[in-house]
Amino acid sequence: MRDRPSWLPLPPPAARKRSVSSAPVRERTAPALATDGARARMIDALRRFGVRDAQVLEAMAQVPRHLFVDAALASRGYEDVALPIGHGQTISKPSTVARMVELVAEPLARAQRTSARVLEVGTGCGYQAAVLARVFGEVVSVERVRGLHEQARANLRALRLPNLRLVFGDGNLGVPQAAPFDAIVVAAAGDAIPDALLEQMRLGARLVAPVGSTRQSLHLVERVEHDRWQLTILDAVRFVPLRTGTV
Ligand code: SAH
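All of the points below concern the structure found in this document. (Residues numbered from 1 in each chain as written. Predicted model: local features only at pLDDT ≥ 70, side-chain atom pairs only at ≥ 80, totals over all residues. Heavy atoms only, no water.)

What to know about the nonpolar core
Thinking step 1. In terms of nonpolar packing, the biggest core is built from 52 residues, with Met-60, Phe-68, Tyr-127, Phe-136 and Leu-156 touching the most fellow members.
Thinking step 2. Counting 22 residues, the second-largest nonpolar core is a separate cluster that includes Val-121, Ile-193, Leu-207 and Val-240. (Core = buried A, V, L, I, M, F, W, Y, C linked by side-chain atoms within 4.5 Å. Buried < 20%, exposed > 50% of the residue type's maximum accessible area, 1.4 Å probe, protein only.)

Describing the layout of surface pockets
Thinking step 1. Here the largest pocket defines a volume of roughly 620 Å³.
Thinking step 2. What lines the largest pocket is a set of 42 residues, among which Ser-92, Ala-187, Ala-188, Phe-239 and Val-240 lie closest to the centre.
Thinking step 3. Mapped onto the lining of the largest pocket, the elements with two or more residues apiece are β2 (89–91), α3 (94–105), β3 (117–121), α5 (127–135), β4 (138–143) and β9 (228–237).
Thinking step 4. Counting residues per element, the lining of the largest pocket draws most heavily on α3, which supplies four residues.
Thinking step 5. Tallied by class, the residues present in the lining of the largest pocket amount to 20 nonpolar, 13 polar and nine charged. (1 Å grid on protein atoms, 1.4 Å probe; cavity = no way out; pocket = protein on both sides within 12 Å on 5 of 7 lines; lining within 4 Å. Points joined across faces, edges and corners; volume = space filled by probe spheres on them. Helix = DSSP H or I, 4+ residues; strand = E, 2+ residues; numbered from the N terminus. Nonpolar A, V, L, I, M, F, W, Y, C, P; charged D, E, K, R; others polar.)

Remarks on the sheet that holds β9
Thinking step 1. In spatial order, the strands read β5-β4-β3-β6-β7-β8-β9; together these seven strands make up an open sheet with mixed pairing. Two strands lie at the open edges of the sheet, namely β5 (164–168) and β9, each paired on one side alone. On average, each strand axis in the sheet is tilted by 15° relative to the strand beside it, whichever way the strands run.
Thinking step 2. Strand direction decides the pairing type here: β4 and β5, joined by five bridges, are parallel. Note that in β5 the partner of Ser-141 across the bridge is Leu-166. (Pairing = 2+ DSSP bridges. Axes fitted to C-alpha atoms, helices over the stretch in contact; angles between N-to-C directions.)

Comments concerning the packing of α3 against α5
Thinking step 1. Across the interface, α3 lies against α5 with an axial gap of 11 Å and an inter-helix angle of 35°. The way α3 lies across α5 gives a crossing that is right-handed. Contacts from Val-97, Met-100, Val-101 and Ala-105 in α3 reach Tyr-127, Gln-128, Val-131, Leu-132 and Val-135 in α5.
Thinking step 2. A class-by-class count of the residues in the contact of α3 with α5 yields eight nonpolar, one polar and no charged. (Left-handed = near helix turned anticlockwise from the far one by under 90°. Contact = heavy atoms within 4.5 Å.)

Description of the packing of aromatic side chains
Thinking step 1. Counted under the stated rule, the structure contains one aromatic pair.
Thinking step 2. Consider the rings of Phe-68 and Tyr-127, whose centres lie 5.8 Å apart with planes at 75°: the pair is edge-to-face. Placement of the pair is Phe-68 in the loop between α2 (54–62) and β1 (83–86) and Tyr-127 in helix α5, with a sequence separation of 59 residues. Accessibility classification places Phe-68 together with Tyr-127 in one group, the buried group.
Thinking step 3. Over the ring of Phe-168 we find Arg-146; its NZ or CZ atom is 4.1 Å from the centre of that ring. (Phe/Tyr/Trp six-rings, centres within 6.5 Å; stacked < 30°, edge-to-face > 60°. Lys NZ or Arg CZ within 6 Å of the ring centre and 35° of its normal.)

Right under this line is the structure:
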């Protein structure tokens, strides 16, 4: 096949070589300018959706989402849809990622974000972890499926984010050795928010998590006193389930 000029739109999925899901980011190809344009349009769409936080928008303008999904789906990488990432899991849609990151970032000024430590439960392909790492000082992300934990590591290598630590484990237990956290983002829906996560919040910290099974809603929790948490129930959402143990 002849080399494609870089301004051509992404080739249709059938024309793209299907990469093994653990292929590192830098080995996958996509015309850089076409994806830059698609990413800029995604940012415009997020603004129209109501995302206001400049730092969250900047972070999402920088992280190449198409490199976190299977190469066959890369041309859809900037649509506002959840896409499969293998192991029966999905990458959250961009508007959901933006909404969750914005919710936990909101009370923190830029300077505070630089020193904030954030926990993500459910690394998946690592996309949201990369966005978080561009907004906050330190990010710890835990994943229970070893294959995904390793896939995320491969996806993230080329982005060189020294402030992001990936942990393999059951996120229901949090990551006690890295606690307390200034913010916690849970990317899978349980019937309730695990106690360990509530305990690992610093005083004043925020946690955002989908809760429920057939009907889910986004729960925003603030630790307002040492032993008092305040709950606000927000939008209806659709997430994969929060499971227990590791596989
Ligand atoms: N933030 C991810 C979204 C992944 S979907 C992204 O940007 O792609 C949710 C993820 O949560 C899945 O990878 C799933 O395996 C993981 N998960 C579910 N239960 C978990 C648990 N108890 N601990 C850690 N990860 C969990």
